[in-house]
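# A closer look at the structure
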Amino acid sequence: MERSRAQGDSAPSGAAPRTAPDRPAAVDRPAAPDRRIGPYRLITRLDPPGSAVPCRRFVARTPDGGRTVLLSAPLPGTDPARFAAEAAAARHLLGPWIAPVTDVAEPAAPAWYASPYLPALPLPVALAVHGGPLPEATVRAVGAALAEGLAAAHSQGLTHAGVSPAAVLLTADGPKLTCFGAVRAAAADGEPRTGLPGLDPGSLAPEQASGGRPRPPGDVFALGAVLAYAATGHTVPEREELPPALRPVVSSCLARDPADRPTAAALMTALAPPTAHQTVLNSAGTLLTPGWLPGRVVAALARQSAELLAAELPVVPEQTVPAEHATPARA
């Protein structure tokens, strides 16, 4: 099976970026003082330069320094109106494994949305920090938590339509799913989506790639690609590369026929079977025991937090830069 390649990148699709493992997504220096999106001043990018991501993500702060957020803005060449519509819809997503959307741009302003900031590493950065694929226990914990989040969304009649390795952020408290609606924002239903900016081809379900309306089975396909990536470093690995215990569940998620894929709820149970001391409702959280994250990832999260706390932005007059022109300092 040929491994797909990310848009505009020579590495395999979803492959860990070539960043130095001891300096991931760190705050090297403040962003230029005039760099703002909406009311927020940009501190640094969350993703390394050159990463294939569904949207541009920054760590930003209010001018008074009182609130720090993770701010997302559309990629150049994408439709900002669709991005804004998906951002508004994302406010209805709730749950511990979803990064909540708490602030969005005004209707007439350039599109962006914000979530509360937590020290976080995009999944590709976490693999780079760790030095390769994550331990099976970590993969199971991430998969069970994300499946639980998707099951809750599907029960509300919502399809995430943005699951990919880059959309998954690892925090000390568990994974957070971001980039809601990236598939819908990239192209309207009925339009082919293959090769569009921001869409990881290995995470795009076949029916969505051809322009089909995103539905829950597409989320499950994408989550299978995320699990494959976390376990092997590739969204489209050879079956033999997967850990034996994960092969059946990942393979079922990646079935080409949506009818052959499990539901998100069934996937959660498969990754974290209930025991006598836990239930299906809390099975994902019980996998997030001390040590669920590798030590290098934990250290990178702590370093990111410390460097962000030390970042100081000079006081400057109020000034807003459209999202498409914002170019903050590299991470």
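Figured I'd write up the structure that's included with this text. (Residues numbered from 1 in each chain as written. Predicted model: local features only at pLDDT ≥ 70, side-chain atom pairs only at ≥ 80, totals over all residues. Heavy atoms only, no water.)

## Quick word on the overall build of the protein
Secondary structure summary: the protein contains 9 helices and 9 strands in total. By the burial criterion, 53% of the 331 residues in the protein qualify as buried. Of the contacts formed within the protein by residues at least 6 apart in sequence, a portion of 66% connects residues at least 24 apart. Of the roughly 13900 Å² of accessible surface on the protein, 58% is carried by carbon and sulfur atoms. (Helix = DSSP H or I, 4+ residues; strand = E, 2+ residues; numbered from the N terminus. Buried < 20%, exposed > 50% of the residue type's maximum accessible area, 1.4 Å probe, protein only. Contact = heavy atoms within 4.5 Å. Areas by Shrake-Rupley, 256 points an atom, 1.4 Å probe, with all protein chains shown as cover.)

## What to know about the side chain of Thr138
Relative to the assigned elements, Thr138 resides in helix H3 (residues 136-155). Side-chain polar atoms of Thr138 contact the backbone oxygen of Trp292, separated by 2.5 Å. Residues contacting Thr138, with those up to four places away along its chain left out, are Trp292, Leu293 and Pro294. (Polar contact = N/O pair within 3.5 Å; in protein donor to acceptor, adjacent residues only side chain to side chain.)

## Looking at the state of the cysteines
Inspection of every chain in the model, using the stated rule, returns 0 disulfides. Unpaired in terms of disulfides, Cys179 finds its nearest cysteine sulfur in Cys55, a separation of 4.0 Å. (Disulfide = S-S within 2.5 Å.)

## Some points on the sheet that holds strand E1 (residues 36-37)
Taken in spatial order, the 6 strands line up as E1-E2-E3-E4-E6-E5 in an open sheet, and their pairing is antiparallel. Of all strands in the sheet, those bounded by a partner on one side alone are E1 and strand E5 (103-104). Taken together, the 4 bridges between strand E4 (residues 68-73) and strand E6 (residues 113-116) define a ladder with antiparallel strand orientation. Counterpart to Leu71 in the pairing with E6 is Ala114. (Pairing = 2+ DSSP bridges.)

## A short note on the nonpolar core
Grouped together as the largest cluster of nonpolar side chains are 61 residues, with contacts concentrated most on Leu121, Leu123, Val168, Leu170 and Leu177. Only helix H1 (80-90), helix H2 (123-130), H3, strand E8 (168-171), helix H6 (216-232), helix H7 (247-253), helix H8 (264-271) and helix H9 (295-310) provide two or more residues apiece to this core. What Leu177 contacts, discounting residues up to four positions off in sequence, is Trp97, Ile98, Ala99, Leu146, Leu150, His160, Val163, Ala167 and Val168. Among the nonpolar cores identified, the runner-up in size contains 11 residues, and Ala60, Val69, Ala73 and Ala114 belong to it. (Core = buried A, V, L, I, M, F, W, Y, C linked by side-chain atoms within 4.5 Å.)

## Brief notes about unusual backbone geometry
A negative phi angle characterises most non-glycine residues, just as the trans form characterises most peptide bonds. The phi dihedral of Ala161 is positive, around 55 degrees, even though this residue is not glycine. In this structure, Ala161 sits in the loop between H3 and E8. By relative accessible area, which is 2% here, Ala161 ends up buried. Unusually for a residue other than glycine, Cys179 sits at a positive phi of about 65 degrees. For Cys179, the location among the structural elements is in the loop between strand E9 (174-177) and helix H4 (182-186).

## Some points on the pairing of E6
Relative to E6, E5 runs antiparallel, the two being bridged by 2 bridges. Bridge pairing in E6 places Val104 opposite Tyr113.

## Observations concerning the packing of aromatic side chains
Within the structure shown, the criterion is met by 2 aromatic pairs. Taking the centre distance of 5.6 Å and the plane angle of 85 degrees together, the rings of Tyr40 and Trp112 count as edge-to-face. Here Tyr40, found in strand E2 (residues 40-45), pairs with Trp112, found in the loop between E5 and E6; they are 72 residues apart in sequence, far enough to count as distant. What makes Trp112 buried here is its relative accessible area of 7%. Between Phe83 and Tyr113, the aromatic rings sit 5.5 Å apart at their centres with planes inclined by 25 degrees, giving stacked as the arrangement. Here Phe83, found in helix H1, pairs with Tyr113, found in strand E6; they are 30 residues apart in sequence, far enough to count as distant. Exposure remark for Phe83: the relative accessible area of 10% places this residue in the buried category. In this structure, Arg184 packs its charged tip against the face of Phe180, placed 5.0 Å from the ring centre. (Phe/Tyr/Trp six-rings, centres within 6.5 Å; stacked < 30°, edge-to-face > 60°. Lys NZ or Arg CZ within 6 Å of the ring centre and 35° of its normal.)

## Here's the deal with the sheet that holds strand E7 (residues 121-122)
Strand order in the open sheet made by the 3 strands is E7-E8-E9, with antiparallel pairing throughout. Taken across any chain shown, the strands that pair with only one partner, and hence form the sheet edges, are E7 and E9.

## Details of the environment of Phe83
Placed 100 residues apart in sequence, Phe83 and Val183 show a C-alpha to C-alpha distance of 9.9 Å. Setting aside anything within four residues of it in sequence, one finds Phe83 in contact with Cys55, Ser72, Ala73, Pro74, Ala111, Trp112, Tyr113 and Ala185.

## Some remarks on the pattern of salt bridges
Here the structure, examined in full by the defined rule, presents 6 salt bridges. One salt bridge in this structure joins Arg82 and Asp79, with 3.6 Å as the shortest N-O distance. Arg82 gets classed as partly exposed once you look at its relative accessible area, which sits at 26%. Residues Glu136 and Arg140 are paired through a salt bridge, measuring 3.5 Å at the closest nitrogen-oxygen approach. Placement of the pair is Glu136 and Arg140 together in helix H3, with a separation of 4 residues, close to one helical turn. A relative accessible area of 31% places Glu136 in the partly exposed class. (Salt bridge = Lys/Arg side-chain N within 4 Å of Asp/Glu carboxyl O.)

In short, shape yes, function no, at least from these values alone.
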